[in-house]
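Inside the fold
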Number of protein chains: 2
Amino acid sequence: MNLIANEEFMRKAIEDCRAGFPGNEGGPFGACIVKDNQIIATAHNTVMKDHDPTAHAEINAIRKASQVLGTYDLSGCEIYSTTEPCPMCFTAIHWARIARIYSGTKIEAVRALGFNELPVSNAAFKALAELSVDLVENVLEEECQQLLEDWAAHTNAATY
Amino acid sequence: MNLIANEEFMRKAIEDCRAGFPGNEGGPFGACIVKDNQIIATAHNTVMKDHDPTAHAEINAIRKASQVLGTYDLSGCEIYSTTEPCPMCFTAIHWARIARIYSGTKIEAVRALGFNELPVSNAAFKALAELSVDLVENVLEEECQQLLEDWAAHTNAATY
């Protein structure tokens, strides 16, 4: 089992996230879904832009990837998330049958910004839900932390 | 605090769910979102129809209600779910700031049908996530169980 992250995929998630800054589209979160070393979809959080509390980066990426592949079943895909997914997104990843999550910063870093995140780490949720998904954490963590800080310094950054 | 369910709202969730049977749109799950005793949105699971693993009844209902109200913030709303929400939907309810969940059947009843549900009850998730949302369970449980059975007897009922 190869658990070495391809950092370029995380950088694509970061890059997509930054594209949402000017319009204050949502929180500072990006995601990238990959299959067979090819990017299937990238997305960022659009909760504010879309007036949709479910429009997290991972949910948006899963919905895009499902349209690209024409199925709800994303077996064989992996997901990169700039921050570890919240339980909504983690469970969506389960339903999509994605078997590996690469993540950057931790939920605590986002709670510190003022987001109403649940105090549930991926490790804690994985244990509760008896999941076998692979967790690869701290991928490009410094760049992901910089992403959070750049967003927080941005005009009109709104938490929810 | 009034914790008496308005059973008619659960019946609307059941009715919406049944509308998805003929097209095999998704699993046998319906939801209804209410504010000030008025229905804001009803929805059912459309995972198969939409090729979208996130298209559970509660997610669909939250997305509809957010469009109706023009905000991600559904404070003051309550949700009726024919089966207790999975952790994806439960967390979406948290993000939407919905403070009360009325549910019918339990996740175990759906696992018995063959769905890949996580073994996480609403009570267990509420405890892990330190949530204060009100849970009103076993609302019209017999009618919700009948809904599951009618769906399972339907031609081409597909689990996932």
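So, here is what we can say about the structure in this document. (Residues numbered from 1 in each chain as written. Chains lettered and ligands numbered in written order. Predicted model: local features only at pLDDT ≥ 70, side-chain atom pairs only at ≥ 80, totals over all residues. Heavy atoms only, no water.)

Focus: helix α7 (residues 141–152) of chain A
Residues and elements named next belong to chain A. Heads up, the rule is: Helix numbers and strand numbers start at the N terminus; a helix is a DSSP run of H or I with at least 4 residues, a strand a run of E with at least 2. One less than the number of residues in a helix, times 1.5 Å, gives the span that helix is expected to have. Only protein chains enter the area calculation, which uses a 1.4 Å probe; residues under 20% of their type maximum are buried, those over 50% are exposed, and those in between are partly exposed. Our arc is simply the arc of the directions from the helix axis toward the C-beta atoms. Two residues form a contact once any of their heavy atoms are found within 4.5 Å.
Taking 1.5 Å as the rise per residue, α7 with 12 residues should run 16 Å; its terminal C-alpha atoms sit 17 Å apart, in good agreement. Of all the residues in α7, the buried ones are C144, L147, L148 and W151. On an axial view of α7, the arc spanned by its buried residues comes to 95°, and they lie on one face. Each element contacted by the buried residues of α7 is listed here: α1 (7–19), β3 (77–83), β4 (100–105) and α5 (107–111).

A word on the pairing of β3 of chain A
All names here are of chain A. Let me state the cut-off plainly: Should DSSP find at least two bridges between two strands, the strands are regarded as paired.
Within β3, six of the seven residues are buried, which leaves it mostly tucked inside the rest of the structure. Alignment of strand β1 (residues 30–35) against β3, held across five bridges, turns out to be antiparallel. Residue pairing in the sheet places V34 in a bridge with E78 of β3. Where β3 meets β4, four bridges bridge the pair, whose relative direction is parallel. Bridging from a neighbouring strand, Y80 pairs with Y102 of β4.

Considering the packing of helix α3 (residues 57–69) of chain A against helix α4 (residues 87–95) of chain A
All names here are of chain A. The test is simple: Between N-to-C directions, angles cover 0 to 180 degrees, with each direction set by a line fitted to C-alpha atoms, over the stretch in contact for helices. Comment on the angle field: the value is read as roughly parallel under 35 degrees, roughly antiparallel over 145, roughly perpendicular from 65 to 115, and oblique elsewhere. Note on convention: the crossing is left-handed when the near helix lies turned anticlockwise from the far helix by less than a right angle, right-handed when the turn is clockwise.
Here α3 crosses α4 at 25°, and the two axes come no closer than 8 Å. When the axes of α3 and α4 are compared, the pair comes out roughly parallel. For the pair α3 and α4, the sense of crossing is left-handed. Contacts between α3 and α4 involve E58, I59 and I62 on the former and, on the latter, M88, C89, A92 and I93.

Overview of unusual backbone geometry
Excluding glycine, residues mostly have negative phi values, and the peptide bonds linking residues are mostly trans. All names here are of chain B. For N37, which is not glycine, the phi dihedral falls at a positive 65°. Along the chain, N37 turns up in the loop between β1 (30–35) and β2 (38–44). Here N37 falls in the exposed class, since its relative accessible area comes to 54%.

Points about the relation of the copies chain B and chain A
We apply this condition: What sets the superposition is a least-squares fit of C-alpha atoms, and only residues with pLDDT of at least 70 in both copies go into it.
Each copy superposes on the other: chain B lies on chain A with an RMSD of 0.0 Å after a rotation of 180° and an axial shift of 0.0 Å. Between the two chains, the operation in question is that of a two-fold axis. Distance from the rotation axis, computed per C-alpha, reaches its smallest value in chain B at M88 of chain B: 1.9 Å.

With respect to the packing of α4 of chain A against helix α4 (residues 87–95) of chain B
Note the cut-off: Nonpolar residues are Ala, Val, Leu, Ile, Met, Phe, Trp, Tyr, Cys and Pro. Charged residues are Asp, Glu, Lys and Arg, and all others, Gly as well, are polar.
Across the interface, α4 of chain A lies against α4 of chain B with an axial gap of 7 Å and an inter-helix angle of 150°. With respect to each other, α4 of chain A and α4 of chain B are oriented roughly antiparallel. Our pair here, α4 of chain A against α4 of chain B, has a crossing hand that is left-handed. Each of P87, M88, T91, A92 and W95 of chain A in α4 of chain A lies in contact with α4 of chain B, whose residues at this interface are P87, M88, T91, A92 and W95 of chain B. Among the residues forming the contact of α4 of chain A with α4 of chain B, the class breakdown is eight nonpolar, two polar and no charged.

Details of the packing of aromatic side chains
All names here are of chain B. Cut-off, in case you're wondering: Only rings of Phe, Tyr and Trp enter the pairing, Trp through its six-membered ring, and a pair is recorded when the two centres are within 6.5 Å. The plane angle decides the type: under 30 degrees is stacked, over 60 is edge-to-face, the rest tilted.
What the rule picks out here adds up to 17 aromatic pairs over all chains. With 4.2 Å between their ring centres and 10° between their planes, Y80 and Y102 make a pair best called stacked. Of this pair, Y80 sits in strand β3 (residues 77–83) while Y102 sits in strand β4 (residues 100–105); the two residues are 22 residues apart in sequence, bridging distant segments of the chain. You can call Y80 buried: its relative accessible area is 2%. Among the residues examined, Y102 registers a relative accessible area of 2% and is labelled buried.

Some details on the layout of surface pockets
Definition in use: Here a cavity means grid points, on a 1 Å grid over the protein atoms only, where a 1.4 Å probe fits yet cannot get out; a pocket means an open set of points with protein on both sides within 12 Å along at least five of seven lines; lining residues are those with an atom within 4 Å of a point. Grid points are joined across faces, edges and corners, and a volume is the space filled by probe spheres set on the points.
The calculated volume of the largest pocket comes to roughly 220 Å³. Broken down by class, the residue content of the lining of the largest pocket amounts to eight nonpolar, three polar and four charged.

Things to note about the pattern of salt bridges
It is possible for side chains of opposite charge to pair when their charged atoms get near one another. All names here are of chain A. Stated precisely, the cut-off is as follows: Any Lys or Arg side-chain nitrogen found within 4 Å of a carboxyl oxygen on Asp or Glu counts as a salt bridge.
One pass over the structure, following the stated rule, counts 12 salt bridges over all chains. Taking the shortest distance from any N to any O, the salt bridge between E78 and R100 comes out at 3.2 Å. Separated by 22 residues along the polypeptide, E78 in strand β3 and R100 in strand β4 bring together distant segments of the chain. Overall, the relative accessible area of 22% leaves E78 in the partly exposed class. Here the residues in one salt-bridge network are E8, R11 and E143, joined through shared partners.

Structural notes on the environment of E7 of chain B
On the secondary structure map, E7 of chain B appears in helix α1 (residues 7–18). Residues E7 of chain B and Y80 of chain B, 73 residues apart in the sequence, show an inter-C-alpha distance of 9.3 Å.

Some points on the nonpolar core
To be explicit about the condition: To qualify as a nonpolar core, a set must consist of buried Ala, Val, Leu, Ile, Met, Phe, Trp, Tyr and Cys residues joined through side-chain atoms within 4.5 Å.
Ranked by internal contacts, the top residues of the largest apolar core, which has 107 residues, are I33 and I98 of chain A together with I33 and I98 of chain B. Residues in contact with I33 of chain A, not counting those within four places in the same chain, are Q38, I39, I40, A41, A61, I62, A65, L74, C77, E78, I79 and I98 of chain A.

Details of empty space enclosed by the protein
Enumeration according to the criterion identifies two cavities of 30 Å³ or more in this entry. Taken together, 17 residues make up the lining of the largest cavity; nearest its centre are F29, H56, E58, C86 and E117 of chain B. Sorting the residues of the lining of the largest cavity by element identifies α3 (57–69) and β3 of chain B as the ones contributing at least two each. With three residues, β3 of chain B is the largest single contributor of residues to the lining of the largest cavity. Along the lines of polarity and charge, the residues of the lining of the largest cavity split into eight nonpolar, six polar and three charged. Along the walls of the second largest cavity sit 13 residues, with F29, H56, E58, C86 and E117 of chain A positioned nearest its centre. Class assignment for the residues of the lining of the second largest cavity results in seven nonpolar, three polar and three charged.

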